[in-house]
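# Examination of the molecular architecture
Chain by chain, the residues run as shown.
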Amino acid sequence: MESTLISDSVLVNNYINGNEKSLEILIIRHKQRIFSFIVSKVFDRDLAEDIFQDTFIKVIKTLKKGAYNEEGKFLPWVMRIAHNLIIDHFRRQKRIPTFKNTDDFDIFSVISDDVLNIEKQLIKNQILDDVTALIDELPEDQKEVLVMRLFKDMSFKEIAENTDVSINTALGRMRYALINLRKLIEKHNIILVS
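To start, this report covers the structure provided alongside it. (Residues numbered from 1 in each chain as written. Predicted model: local features only at pLDDT ≥ 70, side-chain atom pairs only at ≥ 80, totals over all residues. Heavy atoms only, no water.)

### Observations concerning the overall build of the protein chain
A count of helical and extended segments in the protein chain gives 9 helices and 0 strands. Of the regular secondary structure in the protein chain, the N- to C-terminal order runs α-α-α-α-α-α-α-α-α. For the protein chain, buried positions account for 35% of its 194 residues. Put simply, of all contacts in the protein chain between residues at least 6 apart along the chain, 54% involve residues at least 24 apart. Summed over all atoms, the accessible surface of the protein chain reaches about 12,800 Å², with 52% contributed by carbon and sulfur. (Helix = DSSP H or I, 4+ residues; strand = E, 2+ residues; numbered from the N terminus. Buried < 20%, exposed > 50% of the residue type's maximum accessible area, 1.4 Å probe, protein only. Contact = heavy atoms within 4.5 Å. Areas by Shrake-Rupley, 256 points an atom, 1.4 Å probe, with all protein chains shown as cover.)

### Quick notes on unusual backbone geometry
Despite not being glycine, Phe43 has its phi angle at roughly 55°, a positive value. By secondary structure assignment, the location of Phe43 is in the loop between helix H2 (20–42) and helix H3 (45–65). The phi dihedral of Asp164 is positive, around 60°, even though this residue is not glycine. Examined against the element boundaries, Asp164 turns out to sit in the loop between helix H8 (156–163) and helix H9 (167–187). Given the relative accessible area of 71%, Asp164 is considered exposed.

### Thoughts on H8
Since there are 3.6 residues in each turn of an α-helix, residues three or four apart along the chain are aligned in direction. Regarding H8, the residues found buried are Phe156, Ile159, Ala160 and Thr163. For H8, the buried positions fall inside an angular range of 100° around the axis, keeping them on one side. Away from its buried face, by an angle of more than 90 degrees, H8 presents the exposed residues Lys157, Glu161 and Asn162. Contact partners of the buried residues in H8: helix H7 (140–150) and H9. (Arc of directions from axis to C-beta.)

### Some remarks on the pattern of salt bridges
All chains considered together, the criterion is met by 8 salt bridges. Residue Arg29 pairs with Asp8 through a salt bridge whose shortest N-O separation is 2.7 Å. One end of the pair, Arg29, is in helix H2; the other, Asp8, is in helix H1 (residues 8–16), with 21 residues separating them in the sequence. Residues joined by salt bridges that share partners form a network here, namely Asp136, Glu140 and Lys143. (Salt bridge = Lys/Arg side-chain N within 4 Å of Asp/Glu carboxyl O.)

### Description of the nonpolar core
Across soluble globular proteins, you tend to see nonpolar side chains buried next to one another. By size, the foremost hydrophobic cluster in this structure holds 30 residues, and its most contacted members are Ile34, Ile38, Val59, Leu63, Phe74 and Trp77. Sorting the residues of this core by element identifies H1, H2, H3 and helix H4 (74–92) as the ones contributing at least two each. The element contributing the most residues to this core is H4, with 10 residues. Setting aside residues no more than four positions away along its own chain, Ile38 makes contact with Ala48, Ile51, Phe52, Thr55, Ala82 and Ile86. (Core = buried A, V, L, I, M, F, W, Y, C linked by side-chain atoms within 4.5 Å.)

### Some points on the packing of aromatic side chains
Enumeration according to the criterion identifies 5 aromatic pairs in this entry. Taken together through their ring pairs, the aromatic side chains of Phe35, Phe52 and Phe56 make up a single cluster. Looking at Lys31, its charged tip hangs above the ring of Phe35, at a distance of 5.5 Å from the centre. A cation over an aromatic ring shows up here: Arg175 above the ring of Tyr176, its NZ or CZ 5.3 Å from the ring centre. (Phe/Tyr/Trp six-rings, centres within 6.5 Å; stacked < 30°, edge-to-face > 60°. Lys NZ or Arg CZ within 6 Å of the ring centre and 35° of its normal.)

### Considering H2
Along H2, the sharpest kink reaches roughly 55°, centred on Lys31. Among the residues of H2, those classed as buried are Ser22, Leu23, Ile25, Leu26, His30, Ile34, Phe35, Phe37, Ile38, Val39, Lys41 and Val42. Considering only its buried residues, H2 is in contact with H1, H3 and H4. A side-chain oxygen of the first residue of H2 lies 3.0 Å from the backbone nitrogen of Lys21; this N-cap is Asn19. Phi turns positive one or two residues past the end of H2, at Phe43, with a value near 55°. (Bend = angle between axes of the 7 residues up to and from the residue. Polar contact = N/O pair within 3.5 Å; in protein donor to acceptor, adjacent residues only side chain to side chain.)

### Let's talk about the side chain of Thr55
Note that Thr55 resides in helix H3. Taking the relative accessible area as the measure of exposure, Thr55 reaches 0% and is therefore buried.

The following block contains the structure:
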């Protein structure tokens with residue numbers, strides 16, 4: 001029987017039922033898409049080869065355990081495993097990549113909640129709290145412009161009209177607010193990490 005006519009889900013079931021050849025057909029069928037995706041994120045063919053191998057080791061383990069239940073969605077499932085392994089790699093390297101949506105890959109269909117892990121979120125919240133507290137220390141006119149611009153997303157034209165000053169004055173206050181905020185951040189030893 002011509003292998004291209006057999007659907008992924010049938011091949012997966014055949015493999016689970018002991019037909020080793022079925023997995024080989026699946027790997028050959030999807031290798032190019034999955035490998036290209038991994039290379040586009042790690043920019044290193046050797047590393048991509050390792051992650052590709054790890055992806056299929058995980059695929060095999062999951063199928064052998066009988067824990068696969070993505071009926072008819074084999075490729076997105078494998079892509080999700082590859083994506084998580086890429087994230088793990090970057091975590092170990094302490095740098096998270098930025099993922100761009102492409103026709104082949106939609107970040108929202110595979111991203112897991114722990115990508116921005118809890119620890120990072122706590123640090124981010126702490127920094128936000130610290131900076132918000134420092135904004136309160138700014139002179140009233142500078143604070144007003146900064147809050148309107150950053151938190152209310154107002155244009156300088158709108159800020160000027162709302163505060164009854166010229167656009168240049170509004171721009172000047174914003175500039176001084178940022179300079180003073182930077183000084184306060186240094187004074188309080190707040191480390192802004194991403």
